[in-house]
Amino acid sequence: MSTFTIPVGPLHVALEEPMYFKVEVEGETVRNVEITAGHVHRGVEYLTTKRTIFQNITLTERICSLCSNSHPEAYCMAIEQIAGIAVSERAESLRVMASEIKRIASHLFNVAILAHLVGFDTLFMQVMETREIVQDLKETLFGNRMDIGANCIGGVRFDLDSKGLSYLAAQLLRLEPQLDEIVRHYRTNTSILRRTRGVGVLDRAAAVDCAVVGPVARASGIAYDVRTKAPYSAYDKLDVPVHTLEDGDVWSRALVRLAEAKTAIDVLRQCAAHLPEGPTGPRERPDVPAGQAIAKCEAPRGELIYYVRTDGSRCPERVKWRVPSFMNWDALRVMLADAKVADISLIVSSIDPCISCTER
Amino acid sequence: MPESLALLLSVAVFPGGVFALGLGLALKGVDRRLAARLQRRVGPPLMQPFFDLVKLTRKRTMIPDVACRAVFLGAPLAGVVAMLLAAALLPVPGLYEPSPALGDLLVLFYLLAVPAVVLMLAGSASGSPFGAIGFSREMMLMLAYEIPIVLVIVAVGLKTGIGRGEGMTLSLTEIVRYQRAHGAFLLDPAMWPALLAFLAFFPANLGIVPFDIAEAETEVLEGPLLEYSGPALGLFKMMSAAKAVVVLGLGICLFFPSGPDGLPGLAVHALKMLALMAVGVSVLRVSAGRMRIDQAFGFFLKWPLALAVAGVAAAVLA
């Protein structure tokens, strides 16, 4: 049988962002994949050197909407290292809370898309409805549904009073049973299982070779999580279990994400229960001397690394980041090998690719 | 009224033509609203399919450079005509019996295959690789579901024929008359395997989840329909609306044609279609995900085929 080429992307209903897969198929089976990127390059890295150190918090937040808290978080941590600023314990806990709230919303979004891709729109609607609880929470606590603007250099820009904490507790109480129900559906529903089990497999050895990070690595049995390997903010004081599964298929990646969303609820409760007293941020803008630093955090998609170099002027000399999707999308070659055409979009979405982060 | 004129009216106005299209689009509207409510959405107005059609007729049909123009435009037209003809071939229990001059169940069976063939033609004529994938998927699916549906028709034909003391009958009119006199097959446990096989067949024929494989939006971007726009796409919408009426009507004629005579009979017929649409289409498509083509192929060669064979055996023996 002869092969022919089908274009998946750059604009494709199943891809949330532009990416071009030139897929050679033989009947329904994929024989070769060429990945072309670069459609949403906006020159953000260059732009960071034209903005002041403080403006860059806002700029990095706008690289991507789903990891919009992780970028400024890592950026601020790098600047704090250079300037030698100690963040108060209260601010550290609040940072953890902001990023865990974002994590729940991000994971639920990806899991919902999976249901949509297998044509199970009812489950998609249900998960998105559950996610709306988290969106309400963000809007109430931070005043915004996606870009929450939580971080500043030396602390956070928001504070939680008793009213905020009780609203958080109430929303988590609403969220938990619904999340349990969603997990049950993904574990038992035949429509989901028959399309996702054994699809897009990335075994442990291949995962190590590709150096994948985040839920993709953990679904292939690699217990790597920045929150426990190199704890930052308040994570060293918190109990954060790392969820791993061995199969490395689309289903495992979804289940790991759901388990992490569950854990995030637990982490939020731990933070809320032991929220230290103290200031949330510095009164004045600190001076940032010349220097360089690396900071990393666990974004919803995995390890996010920031490198910042300053020269004592108002603007940073160089800002460079490595996003989790950059590591993960190379593994697509392994996952897509001999896949079915029907599963291409499912597999691509299972690494939760964040194109706008990667191409900036 | 001369017979030729009556035939023409039956194809163009009632029960084919305008009536079948109107009913099909109305059913589609109900389906969309019901599915939306089941998913906790508000859903479109009930008239939305009509609005869509009007909108499409006012747009331009874009024809790809690589497309085969005649087939690209001819295919949807052939599909609509075939479906309107098929609608005229179906009795409306208690109100309308098709003229034998139009054809019998065999003709109807072949007409039912036309939409799938038309989609294949359209897919390959459009010159799009997604159309080509849609083509092969549609063909595999059709091969899988055609055998069970033939056996279902044979089972019903045999049951009626044996009941009347003769061989197999292929006249839908006779099948409807027999059931209206002796009770619907729906209530006869011996016919249930065939009924179940039919219930598996019609979602595949209508191309809804879990069998919307050939037109899967998230996989092959609606496959054969990808390159269609404007009035040509509108023709496909008309085809699928009329097809819903034909397939649902066929199910009612084969298994449950009971009801009053005259116009009340038409109302009961439409209500039965609505019920079958609600349960068999709306509820089904919101409660499952899509199968992969190999899974669907395997499914049809297992359960519906076994059920249909059992149905034939039960029809002969019981």
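Details of the structure are given in the entry above.
Residues numbered from 1 in each chain as written. Chains lettered and ligands numbered in written order. Predicted model: local features only at pLDDT ≥ 70, side-chain atom pairs only at ≥ 80, totals over all residues. Heavy atoms only, no water.

(A) Summary view of the layout of surface pockets. One number sums up the size of the largest pocket: a volume of about 1,500 Å³. Contributing to the lining of the largest pocket are 50 residues, with Lys 28, Gly 207, Glu 215, Glu 222 and Arg 285 of chain B lying nearest its centre. Elements with a minimum of two residues in the lining of the largest pocket: helix H5 (121-142) of chain A together with helix H2 (17-38), helix H3 (48-57), helix H6 (129-163), helix H8 (192-206), helix H9 (217-220), helix H10 (230-255) and helix H11 (262-286) of chain B. Broken down by element, the lining of the largest pocket gets its largest block of residues, eight residues, from H10 of chain B. (1 Å grid on protein atoms, 1.4 Å probe; cavity = no way out; pocket = protein on both sides within 12 Å on 5 of 7 lines; lining within 4 Å. Points joined across faces, edges and corners; volume = space filled by probe spheres on them. Helix = DSSP H or I, 4+ residues; strand = E, 2+ residues; numbered from the N terminus.)

(B) The arrangement of the environment of Ser 88 of chain A in detail. All names here are of chain A. If you trace the backbone, Ser 88 turns up in the loop between helix H3 (70-83) and helix H4 (89-117). Remark: the alpha-carbon pair of Ser 88 and Gly 155, spanning 67 residues in sequence, is separated by 7.0 Å. Contacts of Ser 88, omitting those with residues within four sequence positions, involve Pro 279 and Thr 280. Within polar-contact distance, the side chain of Ser 88 engages the backbone oxygen of Pro 279 at 2.5 Å. (Contact = heavy atoms within 4.5 Å. Polar contact = N/O pair within 3.5 Å; in protein donor to acceptor, adjacent residues only side chain to side chain.)

(C) Structural detail: the sheet that holds strand S8 (residues 316-322) of chain A. Residue and element names in this part refer to chain A. Reading across from one edge, S6-S7-S8 is the order of the three strands in this open sheet, with antiparallel pairing throughout. Edge positions in the open sheet fall to strand S6 (291-299) and S8, since each of these has one partner strand only. Across the sheet, the mean angle from the axis of one strand to that of its neighbour is 15°, orientation sign disregarded. Taken together, the six bridges between strand S7 (residues 302-310) and S8 define a ladder with antiparallel strand orientation. Its bridge partner lying in S8, Val 308 is registered against Val 319. (Pairing = 2+ DSSP bridges. Axes fitted to C-alpha atoms, helices over the stretch in contact; angles between N-to-C directions.)

(D) Expanded view of the packing of aromatic side chains. Taken as a whole and assessed by the stated rule, the structure comprises 13 aromatic pairs over all chains. Measuring from ring centre to ring centre gives 6.4 Å for Tyr 75 of chain A and Tyr 306 of chain A, while their planes differ by 70°; the resulting arrangement is edge-to-face. Of this pair, Tyr 75 of chain A sits in helix H3 while Tyr 306 of chain A sits in strand S7, and the two are 231 residues apart along the sequence. A residue is classified by how much of its surface remains accessible, and Tyr 306 of chain A, at 0% relative accessible area, is buried. One aromatic cluster is present, built from ring pairs that chain together Tyr 145, Phe 198, Phe 201, Phe 202, Phe 255, Phe 299 and Phe 300 of chain B. Here Arg 197 of chain A stacks its cationic end above the ring of Trp 251 of chain A, 4.1 Å away from the centre of that ring. A cation over an aromatic ring shows up here: Arg 285 of chain A above the ring of Phe 54 of chain A, its NZ or CZ 4.5 Å from the ring centre. (Phe/Tyr/Trp six-rings, centres within 6.5 Å; stacked < 30°, edge-to-face > 60°. Buried < 20%, exposed > 50% of the residue type's maximum accessible area, 1.4 Å probe, protein only. Lys NZ or Arg CZ within 6 Å of the ring centre and 35° of its normal.)

(E) Representation of the sheet that holds strand S2 (residues 20-26) of chain A. All names here are of chain A. With antiparallel pairing, three strands are arranged side by side in an open sheet as S1-S2-S3. Where the open sheet ends on each side, the last strands, each with one partner, are strand S1 (4-8) and strand S3 (29-36). On average, each strand axis in the sheet is tilted by 25° relative to the strand beside it, whichever way the strands run. One ladder, built from five bridges, connects S1 with S2; its direction is antiparallel.

(F) Region of the structure containing empty space enclosed by the protein. Residues and elements named next belong to chain B. Inspection of the entire model under this criterion finds two cavities of 30 Å³ or more. Here the largest cavity is characterised by a volume of approximately 90 Å³. Taken together, Pro 15, Phe 19, Ala 87, Leu 90, Pro 91, Val 92, Val 245, Gly 249, His 269 and Met 273 make up the full set of residues lining the largest cavity. At the level of elements, H10 and H11 are the ones that each hand at least two residues to the lining of the largest cavity. The residue makeup of the lining of the largest cavity, split by class, is eight nonpolar, two polar and no charged. (Nonpolar A, V, L, I, M, F, W, Y, C, P; charged D, E, K, R; others polar.)

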